[in-house]
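Spelled out from the first residue to the last, the chains are:
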Amino acid sequence: FLGDFAESKLPASGRVLTAQLGIAVAAVCWTLVFLVGVPGEHGYAIAATAFVGGAAGAMYPGATTKPILSTVVPHNFRATAIAWQYAAATACGALIGTPLTAFFADFFGYVAYAAPISTLTPEQRANNARALAKAVVALCIPAWSLVVLVYFGVIYTYPRDRARVARSALPRTQTVHPFGAASTA
């Protein structure tokens with residue numbers, strides 16, 4: 001809904017601005033949850049902030065990325081383009097995010113104990129929780145900032161890509177196959 005509304009008001013940049021706004025709101029909310037939120041205190045405020053951050057962060061793929069790809073990628077390659085985008089994002093998160101989170105957690109004072117967590121003192125648990133929270137924020141803020149910066153490039157390229165696709169669009173009943181042959185459905 002938000003992406004469609006923004007595009008109706010600003011056809012060249014509405015979806016991109018929706019993505020940037022969603023990422024910025026999510027970044028602020030999750031930073032507040034991780035760095036300010038104290039378990040057991042202000043539970044409803046923390047839950048509400050986490051909900052808003054989750055909703056804002058989940059908004060931009062469906063409201064912006066998929067519709068943009070659906071607009072500029074030929075219809076017979078859209079599923080592949082969306083799958084590659086999702087696979088690349090997931091792979092980067094898994095291959096880069098996990099090791100860097102461990103590195104930053106160690107940097108911020110996380111201590112791995114051989115004992116079960118139930119035997120740790122409240123201070124030890126709180127120290128590890130703070131270290132993990134700082135690690136997540138230290139990793140996510142630069143990543144989210146990079147995504148916002150990349151979307152500035154999309155503001156520049158998206159109108160030209162849409163125009164290019166509109167000029168070269170085939171009738172809906174015609175399909176271009178990967179090997180160049182065209183057929184009529």
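Q: In this structure, what is going on with the overall build of the protein? I would like to understand it.
A: Regarding its fold elements, the protein presents 5 helices and 2 strands. Starting at the N terminus and walking to the C terminus, you meet the elements of the protein as α-α-α-α-α-β-β. Buried residues in the protein amount to 21% of all 185 residues. When contacts within the protein are restricted to residue pairs at least 6 apart in sequence, those whose partners lie at least 24 apart make up 62%. For the protein, the exposed surface amounts to about 12,000 Å²; the carbon and sulfur share of it is 72%.

Q: Mind showing me how you'd approach the confidence of the model for the protein here?
A: Detailed reading of the predicted coordinates is not advisable wherever pLDDT is low. Of all residues in the protein, 89% attain a pLDDT of 70 or more, and the chain-wide mean is 83. Element-level mean pLDDT values for the protein span from 51 in strand β2 (residues 182-184) up to 90 in helix α4 (residues 78-107).

Q: Help me understand the packing of aromatic side chains in this model?
A: Given two aromatic rings, one states the distance between the centres and the angle between the planes to describe the pair. What the rule picks out here adds up to 4 aromatic pairs. With a centroid separation of 5.5 Å and 65 degrees between ring planes, the pair formed by phenylalanine 103 and phenylalanine 104 is classed as edge-to-face. Exposure remark for phenylalanine 104: the relative accessible area of 22% places this residue in the partly exposed category. Aromatic ring contacts, followed pair by pair, group Phe103, Phe104, Phe107 and Phe108 into a single cluster.

Q: What exactly am I supposed to notice about helix α3 (residues 43-72) here?
A: Owing to its 3.6 residues per turn, the α-helix aligns residues three or four sequence positions apart on the same side. In this model, α3 (30 residues) spans 44 Å end to end at C-alpha, consistent with the 44 Å of a helix rising 1.5 Å per residue. Maximum bend of α3: about 30 degrees, positioned at methionine 59, with proline proline 61 one to four residues after it. For α3, the complete set of buried residues consists of Gly53, Ala56, Met59, Ala63, Thr64, Thr65, Pro67, Ile68 and Val72.

Q: Where do I start with α4 in this structure?
A: With 30 residues, α4 extends 42 Å between its outermost C-alpha atoms, agreeing within 8% with the 44 Å of an ideal straight helix rising 1.5 Å per residue. The largest bend in α4 amounts to roughly 35 degrees and is located at glycine 97, with the proline proline 99 lying one to four residues further along. After α4 finishes, the residue glycine 109 shows a positive phi value of roughly 105 degrees.

Q: Honestly, the environment of valine 72 in this entry has me stumped. Any pointers?
A: Within the secondary structure, valine 72 sits in helix α3. Accessibility expressed as a relative area gives 14% for valine 72, which makes it buried. A C-alpha to C-alpha distance of 5.7 Å links valine 72 and arginine 162, two positions 90 residues apart in sequence. Not counting residues within four places of it along the chain, the set of residues in contact with valine 72 comprises Tyr158, Asp161, Arg162, Arg164 and Val165.

Q: Any chance you could explain the packing of helix α2 (residues 14-35) against α3 here in plain terms?
A: Any two packed helices are characterised by how steeply their axes cross, that is the angle between the axes, and by the distance between the axes. At their nearest, the axes of α2 and α3 sit 8 Å apart, and the two run at 155 degrees to each other. Accordingly, the angle class assigned to the pair α2 and α3 is roughly antiparallel. Seen along the crossing, α2 lies across α3 with a hand that is left-handed. Tallied by class, residues from the contact of α2 with α3 come to 18 nonpolar, 7 polar and 1 charged.

Q: What exactly am I supposed to notice about the pattern of salt bridges here?
A: Proximity of charged atoms lets side chains of opposite charge pair with each other. Summed over the entire model, instances satisfying the criterion amount to 4 salt bridges. Among the ionic pairs, arginine 162 bridges to glutamate 7, the shortest N-O distance being 3.1 Å. In this pair, arginine 162 sits in helix α5 (residues 122-168) while glutamate 7 sits in helix α1 (residues 2-9), placing the two residues 155 residues apart along the sequence. One salt bridge in this structure joins aspartate 161 and arginine 164, with 3.9 Å as the shortest N-O distance. Note that aspartate 161 and arginine 164 are positioned in helix α5 at a spacing of 3 residues, about one turn of the helix. Since its relative accessible area comes to 27%, aspartate 161 is described here as partly exposed.

Q: Can you walk me through the nonpolar core in this structure?
A: Generally speaking, soluble globular proteins have nonpolar side chains that are buried together. One finds Val16, Ala19, Ile23, Ile68, Val72, Val73, Val148, Tyr151, Val154 and Tyr158 forming the largest nonpolar core, which totals 10 residues. Contributions of two or more residues to this core are made by α2, α3 and α5. When residues of this core are assigned to their parent elements, the largest contribution, 4 residues, is made by α5.

Reading guide: rules and limits
- Residues numbered from 1 in each chain as written.
- Predicted model: local features only at pLDDT ≥ 70, side-chain atom pairs only at ≥ 80, totals over all residues.
- Heavy atoms only, no water.
- Helix = DSSP H or I, 4+ residues; strand = E, 2+ residues; numbered from the N terminus.
- Buried < 20%, exposed > 50% of the residue type's maximum accessible area, 1.4 Å probe, protein only.
- Contact = heavy atoms within 4.5 Å.
- Areas by Shrake-Rupley, 256 points an atom, 1.4 Å probe, with all protein chains shown as cover.
- pLDDT = per-residue confidence, 0-100.
- Phe/Tyr/Trp six-rings, centres within 6.5 Å; stacked < 30°, edge-to-face > 60°.
- Expected span 1.5 Å × (residues − 1).
- Bend = angle between axes of the 7 residues up to and from the residue.
- Axes fitted to C-alpha atoms, helices over the stretch in contact; angles between N-to-C directions.
- Parallel < 35°, antiparallel > 145°, perpendicular 65-115°, else oblique.
- Left-handed = near helix turned anticlockwise from the far one by under 90°.
- Nonpolar A, V, L, I, M, F, W, Y, C, P; charged D, E, K, R; others polar.
- Salt bridge = Lys/Arg side-chain N within 4 Å of Asp/Glu carboxyl O.
- Core = buried A, V, L, I, M, F, W, Y, C linked by side-chain atoms within 4.5 Å.

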